[in-house]
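# Breakdown of the fold
So the chains spell out like this:
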Number of protein chains: 2
Amino acid sequence: MTGGRRVRLVDVAREAGTSVSTVSRVLNGSEQISFEVSNHVRSVAARLGYRADGAAKELKLGQVRTIGVTVPDLANPFFPEVLKGLGAGARAAGYRLLISESGEDPDEELRLTEELTSHASALVLCSSRLRPKHLARILDGPIPVVCVNRTAKQAGVVCVDYRSGSRQLLDHLANLGHRRIAYVGGPPASWSDGQRRRTLRTLTRKMGMELAEITGGWSGDHGYDAGPEVLGIGATAVITFNDLVAIGLLSWLHDTGVAVPGAVSVTSYDDIPVAAYARPPLTSLRNQRAQLGRLAWDHLSARLAGDQWPQPVMLTPTLIVRASTGRPLENGEADPA
Amino acid sequence: MTGGRRVRLVDVAREAGTSVSTVSRVLNGSEQISFEVSNHVRSVAARLGYRADGAAKELKLGQVRTIGVTVPDLANPFFPEVLKGLGAGARAAGYRLLISESGEDPDEELRLTEELTSHASALVLCSSRLRPKHLARILDGPIPVVCVNRTAKQAGVVCVDYRSGSRQLLDHLANLGHRRIAYVGGPPASWSDGQRRRTLRTLTRKMGMELAEITGGWSGDHGYDAGPEVLGIGATAVITFNDLVAIGLLSWLHDTGVAVPGAVSVTSYDDIPVAAYARPPLTSLRNQRAQLGRLAWDHLSARLAGDQWPQPVMLTPTLIVRASTGRPLENGEADPA
DNA sequence: ATGAAAGCGCTAACAA
DNA sequence: TTGTTAGCGCTTTCAT
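This text gives an overview of the structure that appears in the document. (Residues numbered from 1 in each chain as written. Chains lettered and ligands numbered in written order. Predicted model: local features only at pLDDT ≥ 70, side-chain atom pairs only at ≥ 80, totals over all residues. Heavy atoms only, no water.)

## A look at the protein's contact with DNA strand C
- The environment of DNA strand C is formed by 25 residues, the closest being Thr18, Thr22 and Lys60 of chain A together with Leu9 and Tyr50 of chain B.
- In DNA strand C, atoms within 4 Å of the protein come from the sugar-phosphate backbone in 62% of cases.
- Between DNA strand C and leucine 9 of chain B, the relevant distance is 2.5 Å, taken from a phosphate oxygen to a main-chain nitrogen or oxygen of the residue.
- Aspartate 53 of chain B places a polar main-chain atom, nitrogen or oxygen, 3.3 Å from a phosphate oxygen of DNA strand C.
- Where the surface near DNA strand C is concerned, the elements lending two or more residues are helix 2 (20-27) and helix 4 (54-61) of chain A together with helix 2 (20-27) and helix 4 (54-61) of chain B.
- Among the elements that make up the surface near DNA strand C, the one with the highest residue count is helix 4 of chain B (4 residues). (Near = heavy atom within 4 Å. Polar contact = N/O pair within 3.5 Å; in protein donor to acceptor, adjacent residues only side chain to side chain. Helix = DSSP H or I, 4+ residues; strand = E, 2+ residues; numbered from the N terminus.)

## A short note on the relation of the copies chain A and chain B
- Take chain A, turn it by 180 degrees, move it 0.1 Å along the axis, and it overlays chain B with an RMSD of 0.1 Å. Seen this way, the second copy is the image of the first under a two-fold rotation axis.
- A symmetric contact is evident, with 100% of the interface residues of chain A recurring at the interface of chain B. (Least-squares fit on C-alpha atoms with pLDDT ≥ 70 in both. Contact = heavy atoms within 4.5 Å.)

## Some remarks on the protein's contact with DNA strand D
- The immediate surroundings of DNA strand D are formed by 26 residues, with Leu9 and Tyr50 of chain A together with Thr18, Ser21 and Thr22 of chain B found nearest.
- If you look at DNA strand D and keep only atoms within 4 Å of the protein, 57% of those are sugar or phosphate atoms.
- Take serine 24 of chain A: an N or O atom from its side chain is 2.9 Å from a phosphate oxygen of DNA strand D.
- One of the backbone N or O atoms of aspartate 53 of chain A is found 3.3 Å from a phosphate oxygen in DNA strand D.

## Some points on the sheet that holds strand 10 (residues 283-286) of chain A
All names here are of chain A.
- Spatial ordering of the open sheet is given by 7-6-8-9-10-12, a layout of 6 strands whose pairing is mixed. With partners counted over all chains shown, the strands left at the sheet margins are strand 7 (210-214) and strand 12 (318-320), one partner each. Averaged over all pairs of adjacent strands, the angle between their axes in this sheet comes to 20 degrees, without regard to strand direction.
- By the bridge criterion, 4 bridges tie strand 9 (residues 265-270) to strand 10 in an arrangement that is parallel. Residue pairing in the sheet places aspartate 270 in a bridge with arginine 286 of strand 10.
- Strand contacts of helix 10 (residues 220-232): strand 6 (180-184), strand 7 and strand 8 (237-240), with the helix running at about 150 degrees to strand 7, the strand carrying the most contacts. (Pairing = 2+ DSSP bridges. Axes fitted to C-alpha atoms, helices over the stretch in contact; angles between N-to-C directions.)

This is the structure in structure tokens:
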């Protein structure tokens, strides 16, 4: 940067020997400007390096064209892909994304959303960790809110159908002959973890299976650390909160010499790209993350246009069966690996 | 959202039976306000759900407190960690991050940076893919710019020292007895790929090694697809642009039945968390990503305070040796795996 | 086709 | 301690 004050409209006008309105019209592509003046103003503006002041423009125009987005953690590959889908739609409509990361902290997320409320024209909360009371407060605020992977009244809602996903996972494991399942859970404030837990509990009971719940988290380390407990619990199959946890767990099992899927099957949610590259490749529930983002934009877009919120959308994930799941040894079969 | 117009300062003032300045003072924590008035105004503001208009506030204050950030791709785990470090520093100083993703497209990045220039008080370009001419134009603009992983005049510069890293990688491989190395490259517009390439070329020549360069990219798929060429080229060791590429390549080698590191050693740059969980665990160059972000903020912070840019910083990465590298078979030894 | 001026919502200097 | 008001940089109506 060359330093010095910011160049304003009036500076360009003075330098070009014309008025601010003319400059404004030229730079905003108004029709009724003579060709010469237009060219002259343009060249002066370029020479001076004029950039419109965003704040002033927005204040005058009364619209911000910015979508505030919160995610618990950008390092979780789930979110960047949602943001891609969201960003594509938003950008096409002339909106920017203002992305903030809460670090899985509900209080920080509250601070961020309050902050964003005064800077954005809408909010997209991805896997919000907000306490219900605070979420309600935000939803009651002046700008529209879409929740991704969390349900809410008075908001757009776009979710992965984790209940269906959990059912698919259990069906798959049941068909293979598993009866004793461990679930390595996710972050405490996670709505989607709650969804999975409840469904897993209900279904395992119905299906005559046993479910052991283990404290987990969202990262590879959480999975690695859960290894001993998983083994101690005597489950023949493990479901983890997400692929990162599963990969960490696989790594511990490998280091410990436990055969997968011979001694224990491992499967999880999300099917992020590296799931296919895990050893063994991970059976996982593929969700359409970019589609989730795209739909979030569609909802917002409708609402910003003055319509009511569209009906909540639930995207059904697809089970991708790979080599990390197989028949349990206890069924009397030899390890196929 | 409940709908209806936005509540302004004057609405609160009217409802509270006082003036705008009093309300403004209360809400901004000025001292000279009677306790009762303060409480009353606060409760009215809360009841009405007042949120300050960010644009107006910024226009008046003449400062945006927003740092515009561009990254080529949020799905590359390198960037979220840089953003964490950057965001921590920025937040502590009352700045927000406005994160945008260019999708590895130089033209899109140009559009984004021009856009951000009028909405942010500073820019941080992570691994910028801008053409030199366009980068120069941005640097010549009205707001300060920090480049992460790219050098530039008139800007703050914070880089990983890929030359040192490349040297460490080659020394490690040379010590193991490798002579014929393949480099699976990165995205075409990547400055850091250029750094690595040049250093690898120079050093291999000096060290009496051979270097074969293979077209790659930044994702697991790029690595997987590069498999056949890597094998065909007859190298005993492969260096890839980053860990994602390496993991994809490892996967192809596994599927093809090529022993690692028995038949071929694999190593790469970045040491993202999953590198430790790859099979075999990946020898990789650990860089301090969060530190990179923190330093980027320090540079910006100094500049925003009116100082000159600090000297460019180069962070030296550390080689983390794991099981994916070993002695080549050609040296007459048996595969230790 | 161009210019003058009002006013977006807010903060702060000045007045009371 | 509180109120009045100028003005941040911009767009746009209205006048010319």
